[in-house]
Amino acid sequence: RAEQSRAEQSRAEQSRAERIEWIDEAKGIGIVLVMLGHCYLHWKFCFWFYAFHMPLFFTLSGYTFSGKGKFADYLKKKVRTLLVPYIFFVIITMCCNGALAVTHGNEYHVFETLKLYIVQNRYTLLWFIPCLFLANLLMYVLQSFRYKKKTNRFWLIVGCIGALVFGIYRVIIGEDLPWNADLAILAMAFMSLGKWCREQKIIEKVRLMRYSLAICIIITFCVSAVNYIYFDRVDLYNDAFGNPILFMTAALTGTLAVVLISMMTDNRILIELGKNSLIYYGLHRIIIDLMFVVYGKMGIQIDNASWSAVGFAIISVFVAIVILTPVKYLVLKYIPWCLGKKKRIGKI
């Protein structure tokens, strides 16, 4: 048993060593932006990061994508690491919302709500997880063609075709599909571009360019501002993309900007947030909504278009991180399987 324990510890240490920390930091930045976006701010404060914060997660998922082994084994892995956490977050969210409804004298229809989560058609912020699940399966299927087509531009071509197919679908059909299957096509497109970036070392090449970070930031802000002012805000959840060319431009340059920042810095807090971004993503809305209930009980009236709203949003995000950090430790220590972990982790 002692030898087995040492072997498991060695594998765990090796797994941690193999993590790319700038990816975790980029995810950490992304999850903070996601939390800010759920603080009921006016769009004039968040149009710029809505332009890229979800594409950022899809692109990073593609960058780290590795669909090895048989499809059945890969499917089991994704069920464990994505769908099991999804069920966990659904249960926690329903319990909290149900308790809140009861305490405020409101009705809460459990079975109707559960049906919405099962169908998962743009329902709550948890839409992202089934969408990512389907996108991963698409990537696995597509990589079989990658082995047959010996071209360095395979994933670039797939990404462009995926974005085009999604655009055509939204224009001609425009129906939201269960499990957000239509958005999974767009997610797969960003994942493919992330995979291409890793194979061709695109990020390393961009990093060597002078003023690359400043250029990416300026392009992202200017392009997203033009898209917001003259076309529409970007919000994948609500099928809002504005001009498709401006959307893709801001999404890609914004993602690059976050990645470049992450490669230049070493923020341990953001890295820890990124390592456990799934639990912060799945549970933060509960804390933020409770914070706004507290503000109301305290008689604080928040105008979402005022700069004071930004201050309250930052406070809410900070409180959510503080509360969820010990929750994360407890979950990973006692019920790690809820987050797709196979074994109990001694030191998190």
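Not measured: the values here are computed from a predicted model.

**Concerning the environment of His104**
Locating His104 in the fold gives a position in the loop between helix H5 (71–103) and helix H6 (110–119). A relative accessible area of 43% means that His104 is categorised as partly exposed. A sequence separation of 27 residues divides His104 from Lys77, and the C-alpha atoms of the two residues are 40 Å apart.

**Considerations on the pattern of salt bridges**
In the structure shown here, the tally under the stated rule is 11 salt bridges. Put simply, Asp182 and Arg122 hold a salt bridge, and the shortest N to O gap is 2.6 Å. With a gap of 60 residues between them, Asp182 in helix H9 (residues 181–199) and Arg122 in the loop between H6 and helix H7 (128–148) connect regions that are remote in the sequence. Across the pair, exposure class does not vary: Asp182 and Arg122 are buried alike. Between Arg170 and Asp182 there is a salt bridge, with its nearest N and O atoms 2.8 Å apart. Residue Arg170 is located in helix H8 (residues 154–172), and its partner Asp182 is located in helix H9; the two are separated by 12 residues in the primary sequence.

**Focus on the packing of aromatic side chains**
For the structure shown, the criterion picks out 25 aromatic pairs. Aromatic side chains Phe47 and Phe221 sit 5.7 Å apart centroid to centroid with 50° between the ring planes, which places their arrangement in the tilted category. Within this pair, whereas Phe47 is found in helix H3 (residues 43–50), its partner Phe221 is found in helix H11 (residues 212–231), the two being separated by 174 residues in sequence. Within the aromatic cluster, the residues linked to one another by ring pairs are Trp43, Trp48, Phe49, Tyr50 and Phe52. Looking at Lys328, its charged tip hangs above the ring of Tyr329, at a distance of 4.2 Å from the centre.

**What about the confidence of the model for the protein?**
Per-residue pLDDT for the protein averages 91, and the proportion of residues at 70 or more is 92%. Note on residues 2–17: pLDDT under 50 across the span, and 2 contacts to partners over four residues away in sequence or across chains.

**Observations concerning the side chain of Ser212**
Relative to the assigned elements, Ser212 resides in helix H11. For Ser212, a relative accessible area of 6% puts it in the buried group. At 3.2 Å, the side chain of Ser212 forms a polar contact with the backbone oxygen of Val206. Beyond its immediate stretch of four places on either side in the chain, Ser212 contacts Val206, Arg207 and Leu260.

Rules behind the numbers
Residues numbered from 1 in each chain as written. Predicted model: local features only at pLDDT ≥ 70, side-chain atom pairs only at ≥ 80, totals over all residues. Heavy atoms only, no water. Helix = DSSP H or I, 4+ residues; strand = E, 2+ residues; numbered from the N terminus. Buried < 20%, exposed > 50% of the residue type's maximum accessible area, 1.4 Å probe, protein only. Salt bridge = Lys/Arg side-chain N within 4 Å of Asp/Glu carboxyl O. Phe/Tyr/Trp six-rings, centres within 6.5 Å; stacked < 30°, edge-to-face > 60°. Lys NZ or Arg CZ within 6 Å of the ring centre and 35° of its normal. pLDDT = per-residue confidence, 0-100. Contact = heavy atoms within 4.5 Å. Polar contact = N/O pair within 3.5 Å; in protein donor to acceptor, adjacent residues only side chain to side chain.

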